[in-house]
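# Residue-level structure breakdown
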Amino acid sequence: MKHDAIVIGAGPAGLLAANEIAKRGYSVKVLEEHERVGEPDHCAGLLSTSGLKRLGIHLPQDVIQNTVAGARIYSPAGHSILIERGKREANVVDRKKFDSWLASRAIDSGAIVTTQTKVKGFVRNQDRIQSVSVDNEEQYARAFVIAEGSRCRLSGSIELPVVQRASKYPAFQYEVSGVDIEENMVEMFYGKRIAPGFFAWIIPLGENRARIGLAARSKSKIRLDALIHNHSIISERMKGARIDRSLGGIVLVGMPISKMTIENVVAVGDTAGIVKATTGGGVILGGMTARVAGKIVAEALSADESIAKSLSHYNKKCKAMVFNELRMMHLAQIALTSLDDKGLDSVVKDASAKGLLDVVKKEGDMDLQGNVIKRLLKDPRMILTGLRAIRYINPFL
Ligand SMILES: Cc1cc2nc3c(=O)[nH]c(=O)nc-3n(C[C@H](O)[C@H](O)[C@H](O)COP(=O)(O)OP(=O)(O)OC[C@H]3O[C@@H](n4cnc5c(N)ncnc54)[C@H](O)[C@@H]3O)c2cc1C
């Protein structure tokens, strides 16, 4: 049987794209290698309330584990700033339930979701891909969406650009109970010695439970374990806590791939590198652009011009939609991780003393951070802060 479209990967990006294709009346099949959608999970589950609205999603209550009002950010020496922006700035979701809810929604729209089905490769016929190989058979479609996550094995096999290895940082996370934390505040810990290149986090789940995790250029688990035992604030939070489960994964910190379509194939989500470099969050922006990809696939299926030509419009649309934002976040990430610990302390101290936090509180957006970063870069107080911190550029990035 030939489908209009095949989506590879039942993560949020694949499922959101599939939903858009299916609800326009096209036959679409989602192929997922694991036994159950959403498992194993690899996420902290922090999704902004505004971002979910942008995805057109109204979540059922059982998917939401907690809501948070903002974040407390700690410098290496323990100075902190509080960014609080309303009671329900973000939701903490159960990613397994979130993904399976997205799958049910896509199925309701007419998509077929098949689990335990690993796509091994693409099969080409002259100038386009005609099918994917699965077990001992081929599955045919007119268009394909690659939503395989950050591995980029399939996208690399058909000469799409892939997310660079240098942009992939290992992450490790525990789910813990019996922690002593603020129940509605995320905590983020920066520092070259704590988590070079990224940060550690504590995300409250309610009822003294939390996700505590860390991503860095290397050794994420070893670094996280060290923080739990030795960090003055984190070890205090974790005193008497119990580790219920652990998970590992990859966070992306670079720019998206330069070209997201080839022939009758489009890459979405982590596969396309559409992730906020400042936080590694990919569900919202990856999801927003995956929805656009789904609409463009549907248009391409009925267009007079070739599918390849119609799909290529996605590159332009996606770039116009999020590339400037992602570029600013990437720059901010490079600037932050270029500083050594004294530089980070100086930025955190200055940010509260000079009133820069008011700009973030007033104009910040958890997902579209480009505007506030641009605004800060033009603010004389930020320029001063930057000049003070620049002395601490870390020569051993
Ligand atoms: C520790 C950690 C914490 C994070 N926290 C957050 C957060 O708080 N908020 C946020 O927005 N983002 C967060 N992220 C990032 C977020 O998890 C990703 O950006 C998001 O999952 C990307 O969605 P996706 O659909 O592109 O890919 P994925 O969610 O990775 O889905 C890809 C799917 O494709 C399937 N697949 C792969 N290859 C094949 C194949 N050959 N055949 C069939 N199926 C295949 C996989 O099994 C998987 O189900 C975090 C990441 C990590 C590692």
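Presented here is an overview of the structure given in this document. Model, not experiment: these values are computed from the prediction.

## Re the pattern of salt bridges
- Scanning the entire structure with this criterion turns up 19 salt bridges.
- Of the charged contacts in the structure, one is a salt bridge between Glu20 and Arg24, with a shortest N-O distance of 2.8 Å.
- For the salt bridge of Asp225 with Lys221, the shortest nitrogen-to-oxygen distance reads 2.8 Å. Here Asp225 pairs with Lys221, and both are found in helix α5 (residues 220-230), just 4 residues apart, close to one helical turn.

## Considering the site of the ligand
- Around the ligand, the surrounding shell holds 36 residues, and the nearest of these are Glu32, His34, Ala44, Leu46 and Asp270.
- Asp270 is positioned such that a nitrogen or oxygen atom in its side chain is 2.7 Å from an oxygen atom of the ligand.
- Within the backbone of Val283, an N or O atom sits 3.0 Å from an oxygen atom of the ligand.
- Taken by itself the ligand offers 990 Å² of open surface, and the protein chains cover 93% of this.
- Looking at the shell around the ligand element by element, the count peaks at 3 residues for strand β16 (residues 242-252).
- Residue composition of the shell around the ligand, by class: 17 nonpolar, 12 polar and 7 charged.

## Side note on the packing of helix α1 (residues 12-23) against helix α3 (residues 95-108)
- α3 packs onto α1 with a crossing angle of 15° between their chain directions and a minimal axis gap of 9 Å. As judged from the angle between their axes, α1 and α3 are roughly parallel. The hand of the α1/α3 crossing is left-handed. Of the residues in α3, those touching α1 at Pro12, Leu15, Leu16, Asn19 and Ala22 are Arg95, Phe98, Asp99, Leu102, Ala103, Arg105 and Ala106.
- Of the residues assigned to the contact of α1 with α3, the class counts are 8 nonpolar, 1 polar and 3 charged.

## Side note on the sheet that holds β16
- With mixed pairing, 7 strands are arranged side by side in an open sheet as β6-β5-β13-β14-β15-β12-β16. In the strand order of this sheet, the two ends are held by β6 (80-84) and β16, each with one partner. Sheet twist, expressed as the average angle between the axes of neighbouring strands with direction ignored, equals 20°.
- Taken together, the 6 bridges between strand β14 (residues 200-206) and strand β15 (residues 209-215) define a ladder with antiparallel strand orientation. Paired with Ile202 across the bridge in β15 is Ile212.
- The strands that α5 touches are β12 (168-177), β14 and β15; relative to β12, the one it contacts most, it runs at about 40°.

## Some points on the sheet that holds strand β7 (residues 90-93)
- Across the sheet, 3 strands lie side by side as β3-β7-β4; this open sheet has antiparallel pairing. The open sheet has two free edges, formed respectively by β3 (46-48) and β4 (64-68), since each of these has just one partner strand. Looking at each pair of strands side by side, their axes are set apart by 30° on average, direction ignored.
- Relative to β7, β3 runs antiparallel, the two being bridged by 3 bridges.

Conventions adopted
- Residues numbered from 1 in each chain as written.
- Predicted model: local features only at pLDDT ≥ 70, side-chain atom pairs only at ≥ 80, totals over all residues.
- Heavy atoms only, no water.
- Salt bridge = Lys/Arg side-chain N within 4 Å of Asp/Glu carboxyl O.
- Helix = DSSP H or I, 4+ residues; strand = E, 2+ residues; numbered from the N terminus.
- Near = heavy atom within 4 Å.
- Polar contact = N/O pair within 3.5 Å; in protein donor to acceptor, adjacent residues only side chain to side chain.
- Areas by Shrake-Rupley, 256 points an atom, 1.4 Å probe, with all protein chains shown as cover.
- Nonpolar A, V, L, I, M, F, W, Y, C, P; charged D, E, K, R; others polar.
- Axes fitted to C-alpha atoms, helices over the stretch in contact; angles between N-to-C directions.
- Parallel < 35°, antiparallel > 145°, perpendicular 65-115°, else oblique.
- Left-handed = near helix turned anticlockwise from the far one by under 90°.
- Contact = heavy atoms within 4.5 Å.
- Pairing = 2+ DSSP bridges.

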